[in-house]
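# Descriptive structure summary
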Amino acid sequence: MLGQISNPLKIPIKISGTFGELRNTHFHSGIDIKTQGKQGIKVFSIKDGKIKRIRVSKVGFGKTIYMEHYDGTTSVYGHLKKFSEEIEQLVKKTQYEKKSYEVEIYPKKNTYIFKSGTVIGYSGNTGSSSGPHLHFEIRDTKTNYPINPLKILKNVNDTIKPEINNLYLYDINKNGKYSLIKKIKLKKVKSNFYLADTIKNIGMLGIGIKYYDKQDISFSKNGAYSIKFKINNNTIFNYKMDTISLYDKRYLKLLVDFENWYLNKNKIQKLFVHPKSKYTFLKKNNNSGIIIVEENKFYNGEIEIKDYSGNKSLISMTIIGKDKDSIEKPTIINNVKSNFEYTFKSKNIKVEFKKNTFFNDTYIPFNYQNDTLDLGKNIYPIDKKFKIFFDVKDLDSLSFEKGFISKINDKRRAEYVRTKKLKNIWSISTNVIGKYTLSLDTTPPTINPLNFKKNDLIKNKKVLKLRVKDNLSGIKKIDATINDTWVLFEHEPKNNSITYDLSDIKFNSNKFELEIVVFDQLENRKVYKTIVYRNK
């Protein structure tokens, strides 16, 4: 018999991220629950179940538990500070066996079974988290498809209607390309009703929108549960965030005005669909959000945005088929056709684009001068990674050993890109258009103690904490020993810290000879040695 469903936290549910909302690289696969701005709040199993996977990572969900339940679902608990005692023992044992902070564990079947409402961990801020919170998911165990957790969570109070910021008009081509015509003025008539300025145009048109939704006790601006767009009472665009596929993220950049997002940091959600896109949450219609406006005809439109609690806002619009509001379209000769392979070469550089790298035909400038490859601005959604090759036969021995291919960011600083080195040819695979060059990293990381100093008495301390930092290629590996015994330092890249739990190992000696070796991606290393005392 299944136990009762329990919320994962026993505090008021304040949501800082909703299911399915558009993130920079993916559709959000769960909900983010605020933890009162602190870490260490108890996290509970929501149903009877067994642990099927545990992961510890410096990125992603950080410390994460995956629990399989008997009703065909799996729950996920991410960004934990630590696990419950039983799970923590298994994780620590594995980390010490592998001599690695990052581990992935699949426990033997039916060995870690928990009742609903049992503590399985404590909330934290590990992984790719920007603040303390619990990332919580429900998945279909068979398909691994995430399901909206609001279907089961209790006492999530929400009476606030979505807020509309702006509306945008686009000109659309049959191949999915689009051009922004203008921002449409909106008038807020009631708390949940907006009236758009009359649109005068003809041809294939589309609408983009900026909005947010809030919850009663949370100030976070989140995504909505559903959006429906009707023209003359016919639904042409409609989605509900009940379930998504983890593969939907492949087409994320086709559901936003990507160029506007990149150039102006303005994330406009499109209410029309690219012909090559596929979304599990979107109900496709014949037009897929595209409005075909004929001359001298009238069209009445309505957009409904709704949150999971049923609070909704409406936008009413009228479109008149008149040749107005048109834009001047610059003539661009696309040199990369999406359905062909291309290779560009110049001096010691080569770029390879596979078939269907881009969703549409594209113009890539391909400029190479002063040892820098410039492929233009990153304004085109990319479906497949492309390769860049550098011939490095003329490099000196130091550059050959400590060099790498880097991306030049908007601040004109080099960013490390993992580089494959095969004799005189170096290469990278990337899905980001931009500037690339060769860079050199000969500077080792830095290590500095934060809560102790040499010959300190650490009797009353629970942890040893140090700051490790690398200014170019980044930290690759950390090895540490006390009295020649390997010890685990947890690495938190967000604040450049490493931490050792002094309760991990009981040493016979009160004198601790600590040695830490930190490597960066180019194998530059820094060695830190000191002595501290548990007792004197």
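Notes on the structure in this doc start here. Remember, it's a predicted structure, so these values are computed and weren't measured experimentally. (Residues numbered from 1 in each chain as written. Predicted model: local features only at pLDDT ≥ 70, side-chain atom pairs only at ≥ 80, totals over all residues. Heavy atoms only, no water.)

## A short note on the overall build of the protein
Regarding its fold elements, the protein presents three helices and 43 strands. Taking all 536 residues of the protein together, the buried fraction comes to 47%. Total accessible area on the protein stands at roughly 27,400 Å², and carbon and sulfur atoms take up 46% of it. Within the protein, the 56 negative side-chain charges are centred at a point lying 2 Å from the centre of the 97 positive side-chain charges. (Helix = DSSP H or I, 4+ residues; strand = E, 2+ residues; numbered from the N terminus. Buried < 20%, exposed > 50% of the residue type's maximum accessible area, 1.4 Å probe, protein only. Areas by Shrake-Rupley, 256 points an atom, 1.4 Å probe, with all protein chains shown as cover. Lys, Arg positive; Asp, Glu negative; His and termini not counted. Charge placed at Lys NZ, Arg CZ, Asp CG, Glu CD.)

## Some words on the side chain of S6
Along the chain, S6 turns up in the segment before β1 (15-17). For S6, a relative accessible area of 8% translates into the label buried. Looking at S6, its side chain comes within polar contact range of the side chain of K10, at 2.5 Å. Those residues in contact with S6, other than ones at most four positions away along the chain, are F44, S45, I46, S116 and G117. (Polar contact = N/O pair within 3.5 Å; in protein donor to acceptor, adjacent residues only side chain to side chain. Contact = heavy atoms within 4.5 Å.)

## Some points on the sheet that holds strand β36 (residues 446-449)
Reading across from one edge, β36-β37-β41-β40 is the order of the four strands in this open sheet, with antiparallel pairing throughout. Of all strands in the sheet, those bounded by a partner on one side alone are β36 and β40 (489-492). Ignoring which end each strand starts from, the neighbouring axes of this sheet average 25 degrees apart. Pairing of β40 with strand β41 (residues 497-501) involves four bridges; the strand directions are antiparallel. Paired with F489 across the bridge in β41 is Y500. (Pairing = 2+ DSSP bridges. Axes fitted to C-alpha atoms, helices over the stretch in contact; angles between N-to-C directions.)

## Thoughts on helix α1 (residues 85-98)
For α1, built from 14 residues, the straight-helix expectation of 20 Å at 1.5 Å per residue is met to within 8% by its first-to-last C-alpha distance of 20 Å. Buried residues of α1: I87, E88, L90, V91, K92, T94 and Q95, and no others. Just past α1, the residue K99 takes up positive phi, approximately 50 degrees. (Expected span 1.5 Å × (residues − 1).)

## Thoughts on the environment of N125
Along the polypeptide, N125 turns up in the loop between β9 (119-123) and β10 (133-140). Here N125 falls in the buried class, since its relative accessible area comes to 17%. Taking C-alpha positions, N125 is 37 Å from I207, a pair spaced 82 residues apart along the chain. Discounting chain neighbours no more than four positions away, the residues touching N125 are Q39, H79, S130, G131, P132, E492 and K494. At 2.6 Å, the side chain of N125 forms a polar contact with the side chain of S129.

## Considering the sheet that holds strand β27 (residues 349-353)
Taken together, the five strands give an open sheet; going across it, the order is β26-β27-β30-β34-β33, and neighbouring strands pair in antiparallel fashion. The sheet is open, and its two edges are formed by β26 (342-346) and β33 (420-422), each paired on a single side. For this sheet, the mean angle separating the axes of adjacent strands, direction not counted, is 20 degrees. The sheet contact formed by β26 and β27 spans five bridges and is antiparallel. Looking at β27, one finds that K345 is bridged to K350.

## Considerations on the pattern of salt bridges
If you walk through the whole model with that rule in mind, you get 25 salt bridges. The partner of D242 in a salt bridge is K151, and the shortest N-O contact between them spans 3.6 Å. Taken together, the positions of D242 in the loop between β20 (234-240) and α2 (258-264) and K151 in the loop between β11 (146-147) and β12 (163-172) put the pair 91 residues apart, joining distant regions of the chain. Overall, the relative accessible area of 23% leaves D242 in the partly exposed class. By relative accessible area, K151 is classed as partly exposed at 44%. Here E492 and K494 are joined by a salt bridge, their closest N and O atoms 3.1 Å apart. (Salt bridge = Lys/Arg side-chain N within 4 Å of Asp/Glu carboxyl O.)

## Thoughts on unusual backbone geometry
Backbone geometry places H79, a non-glycine residue, at a positive phi of 65 degrees. One can find H79 in strand β6 (residues 73-83). Overall, H79 belongs to the buried group, its relative accessible area being 4%. Although it is not a glycine, N233 adopts a positive phi angle of roughly 70 degrees.

## Describing the pairing of strand β38 (residues 475-482)
By the bridge criterion, seven bridges tie β38 to strand β42 (residues 511-520) in an arrangement that is antiparallel. Bridged to I482 within β42 is L514. Between β38 and strand β39 (residues 485-486), which pair antiparallel in sequence order, lie two residues; one of them, N483, sits at a positive phi of approximately 55 degrees.

## A look at the packing of aromatic side chains
A full pass over the atoms with the stated rule returns 23 aromatic pairs. Look at F353 and F358: their rings are 5.5 Å apart centre to centre, the planes differ by 50 degrees, and that puts the pair in the tilted class. Relative accessible area serves as the criterion here: at 2%, F353 is assigned to the buried category. Here a set of aromatic residues connected by ring pairs shows up, and it is made of F27, F237, Y239, Y251, Y279, F281 and F359. Directly above the ring of W426 sits K421, whose terminal nitrogen or CZ lies 4.4 Å from the centroid. (Phe/Tyr/Trp six-rings, centres within 6.5 Å; stacked < 30°, edge-to-face > 60°. Lys NZ or Arg CZ within 6 Å of the ring centre and 35° of its normal.)

## So, the environment of L440
Structurally, the position occupied by L440 is in strand β35 (residues 435-440). Each C-alpha atom, one on L440 and one on L472, is 9.0 Å from the other, the two residues being 32 residues apart in sequence. With sequence-adjacent residues up to four places away left out, L440 is seen in contact with L398, S399, K402, G403, F404 and L472.

## With respect to the environment of S503
Take S503: it is sitting in the loop between β41 and β42. Note on S503: relative accessible area 58%, which makes it exposed. Through-space distance from the C-alpha of S503 to that of V463 is 8.2 Å; in sequence the pair is 40 residues apart. Among the polar contacts listed, one links the side chain of S503 to the side chain of D501, at a separation of 2.7 Å.

Nothing here speaks to function; it is geometry throughout.
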